[in-house]
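Listed below are the residues making up each chain.
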Amino acid sequence: MDKVIYLDNNATTMVAPEVVEVMLPYFAELYGNPSSMHSFGGQGGKGVAAAREQVASLLGAEPDEIVFTSCGTESDSTAILSALYSFPEKHHIVTTRVEHPAVKNLCANIVSMTGHFHRITKLPVRPDGTIDLSLYKESLTDDTAIVSVIWANNETGVIFPVVEMAEIARSRGILFHTDGVQAVGKIPIDLSRTPVDFLSLSGHKLHASKGVGVLYVRRGTPFVPFMVGGHQEKGRRGGTENVASIVGLGKACEVAAQNLDAENSRVKELRDKLEKGILKIVPKSILNGHETERLPNTSNISFEYVEGEAILLHLNQYGICASSGSACSSGSLEPSHVLRAMGIPFTAAHGSIRFSLSVFNTEDEIDFVLEKVPPIIENLRAMSPFWKSGG
Amino acid sequence: MWNYTETVKDHFLNPRNVGEVDNPDGVGEVGSLACGDALKLTFKLNEAGRIVDARFKTFGCASAIASSSALTEMIKGISLDEAENISNEDIAEFLGGLPKEKMHCSVMGREALEAAIANYRGVPLPTAEGELVCECFGVTDVEIVRAVKESNLTTVEDVTNFTKAGGGCEKCHDRIQELILSARAVTGTEIKLERGAKRLTNIKKIKLIEEVLNREIRPALKKDGGDIELIDVDGDYVYVSLRGACVSCSASQVTLKDYVEKKLREQVLETLIVEEE
Ligand SMILES: Cc1ncc(COP(=O)(O)O)c(C=O)c1O
């Protein structure tokens, strides 16, 4: 591949150079097991301990509230199942219709997994992807074991009022989990002031490596482990630590804290330039999701009368990487459940493209994309039996 | 990322014969915006009855565009009788093959060609008749049976890949299974068993649930002037809608849990949960 313009950072991110650098020694030199009694292994343990502090510091948490896992999906499963095991007498879960498959499909199969019956409330969203808090309040019952809501949506970037939602759950004595995989590092988070009980994050979404995640577990929250084995993570997650990745994740969190301002200024400006440019130049292009209650890096745009996969492959010719909520690109025959929950008509959902930026993008890249997108759409529309030019 | 052949990529990036023929002799339109792909094919004949020009307009993914482009190239210069013999497999072969999830794109090409020829001859389309099996994507039994025979399909998944039928709400999976069995019984080919037949597939689950609903639950509710409709099955969750007198009945939640759910758990699967949509 020659030039790559990577605008698919909600799918995964580049491992930052300074992250790679801190990871490398843990492969060939400091390969000891943190659980070993010798000081050689102890060096790995020190790396993990330092990373735990770095992660805690980004979240406004205490180091002992950080449990390292293998990915965001494991963190999500751990949190929800832990709550169900901790409260076997409760049989209700409150979640939303726009969750990542890590939560959506866990809920769909919860009975087979736990052997118990659970009622699931999937809260609807408005056409702009935001949530109605009064419906949320009404959904909570004495039978509710846990609330699990995505903090920032991976497809649209729409941000839910998690602070308020967590407070409401707390006032009802209900455990609250948030999938913060897309939110962490992109918006300010302070768990010392936000009464969430569990938060999931994933390394590869914030410039650390794939295969490492974190579950934040608030002190005092009842906890039942998902992976049972050795005494690692104070018995909360068995399995020898992925030391290099954990050390890298620690560094990535430190860098994310430094870059938070840049995310919300420079990255946001680039995103806005891209988005406003496209919406202005390309007729019948529509923004999906609330304009301001949204991650600074994400833009989900529908191009009516054209199909998303075709757009992606044309972009690919120029080395431009993005995603689509269209049916064809997902391998199913129906477009994204998130866009459908928002009531986006199929005609627009099939032609949706998600651009997601990072601090590594440049203005030149955005200019290049702005130059390439309009003719691609025009070309495909000229080929579309539904497109009448001018209308 | 799909694994497309170089020919598919070429026909997608440099499509041949885009547009519409002026004063066409035949016009074929298939698909819809909602389905995610659609194709309008137009052609012109010379005095000898050969296709001298063919053009397409397509809304869809890369393989839909490539299949349309390939089709127009294949039919230019041949007679209608020859064109009639072009199958979806021929289109896929011309392109050096298509991923199996994308075979429906070649089927769309074949269907547009048929529609255009029927339009020229002023005869109705055979596939437009017949029973509507898949409501989500508007596919009839005639189309399904034909795909099963032509492409030697054995599973519901195959049928979905080739015709899209069953790719939406999945309610018709049972009917598709029946069509596969009967079509293959006629052709006399050996019937392969559905993969993973041992675990309760969604089709099987839906079938059993509907049986219990029809046999026991619906008659009981009807006695009180109510009714029930199966909306969806997602994993263990069975979404239903209560109708008639049930709607205003204050005991409807009790009915749902203590009666409907209990019956379904007893007779279908112990883990089922019934929810109202
Ligand atoms: C919101 C959200 N949750 C969970 C995940 C899963 O994370 P992982 O890939 O680390 O399992 C993702 C990543 O795709 C995500 O975007």
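Residues numbered from 1 in each chain as written. Chains lettered and ligands numbered in written order. Predicted model: local features only at pLDDT ≥ 70, side-chain atom pairs only at ≥ 80, totals over all residues. Heavy atoms only, no water.

### Some remarks on the sheet that holds strand S5 (residues 144-150) of chain A
Adjacent strands of a sheet pair through backbone hydrogen bonds, lying either parallel or antiparallel.
Residues and elements named next belong to chain A.
Phase 1 of the analysis: Spatially, the seven strands line up as an open sheet ordered S2-S8-S7-S6-S5-S3-S4, and their pairing is mixed. Sheet topology places strand S2 (66-69) and strand S4 (119-123) at the edges, where each strand pairs with a single neighbour. The average undirected angle you get between the axes of adjacent strands in this sheet is 20°.
Phase 2 of the analysis: Note that S5 and strand S6 (residues 175-179) share five bridges and pair parallel. Looking across to S6, one finds that Val149 is bridged to Thr178.
Phase 3 of the analysis: Its contacts with the sheet place helix H3 (residues 39-59) against S2, strand S7 (198-202) and strand S8 (213-217), and it is angled at close to 115° to S2. (Pairing = 2+ DSSP bridges. Helix = DSSP H or I, 4+ residues; strand = E, 2+ residues; numbered from the N terminus. Axes fitted to C-alpha atoms, helices over the stretch in contact; angles between N-to-C directions. Contact = heavy atoms within 4.5 Å.)

### Section: the domain arrangement of chain B
All names here are of chain B.
Phase 1 of the analysis: Splitting chain B by domain gives domain 1 (6-121), domain 2 (132-187) and domain 3 (202-276).
Phase 2 of the analysis: On the domain 3 side, the residues contacting the six residues of domain 2 number seven residues.
Phase 3 of the analysis: Summed over both sides, the interface of domain 2 with domain 3 buries roughly 560 Å², with 53% coming from carbon and sulfur.
Phase 4 of the analysis: In this structure, the connection of domain 2 to domain 3 is made through one salt bridge. (Domains from an automatic or database assignment. Buried area = accessible area lost by both parts, 1.4 Å probe. Salt bridge = Lys/Arg side-chain N within 4 Å of Asp/Glu carboxyl O.)

### A look at the sheet that holds strand S3 (residues 51-59) of chain B
All names here are of chain B.
Phase 1 of the analysis: Pairing is antiparallel in the open sheet, where three strands are placed in the order S1-S2-S3. Both outer strands of the open sheet, strand S1 (26-32) and S3, are each paired with one neighbouring strand and no more. Each neighbouring strand pair of the sheet contributes to a mean axis angle of 10°, computed without reference to strand direction.
Phase 2 of the analysis: Here S1 pairs with strand S2 (residues 37-45) via seven bridges, running antiparallel. Looking across to S2, one finds that Gly26 is bridged to Phe43.
Phase 3 of the analysis: In this fold helix H2 (residues 62-75) packs onto S2 and S3, with an angle of close to 175° to the strand it touches most, S3.

### A short note on the interface of chain A and chain B
Phase 1 of the analysis: The partner chain B presents 42 residues to the 34 residues of chain A that form the contact.
Phase 2 of the analysis: Taken together, the two surfaces of chain A and chain B that pack against each other cover about 3,000 Å², and 67% of this comes from carbon and sulfur.
Phase 3 of the analysis: Across the chain A-chain B interface, the total number found is one salt bridge.
Phase 4 of the analysis: A salt bridge links Lys102(B) to Glu309(A); its shortest N-O distance comes to 2.6 Å.
Phase 5 of the analysis: Our count for the chain A to chain B interface comes out at eight residue pairs in polar contact (both at pLDDT 80 or more).
Phase 6 of the analysis: Only helix H5 (101-108), helix H6 (110-114), S4, helix H10 (308-317), helix H11 (327-330), helix H13 (346-349) and helix H14 (363-383) of chain A provide two or more residues apiece to the side of chain A that touches chain B.
Phase 7 of the analysis: Taken together, the residues that form the side of chain A that touches chain B break down as 18 nonpolar, 11 polar and five charged. (Polar contact = N/O pair within 3.5 Å; in protein donor to acceptor, adjacent residues only side chain to side chain. Nonpolar A, V, L, I, M, F, W, Y, C, P; charged D, E, K, R; others polar.)

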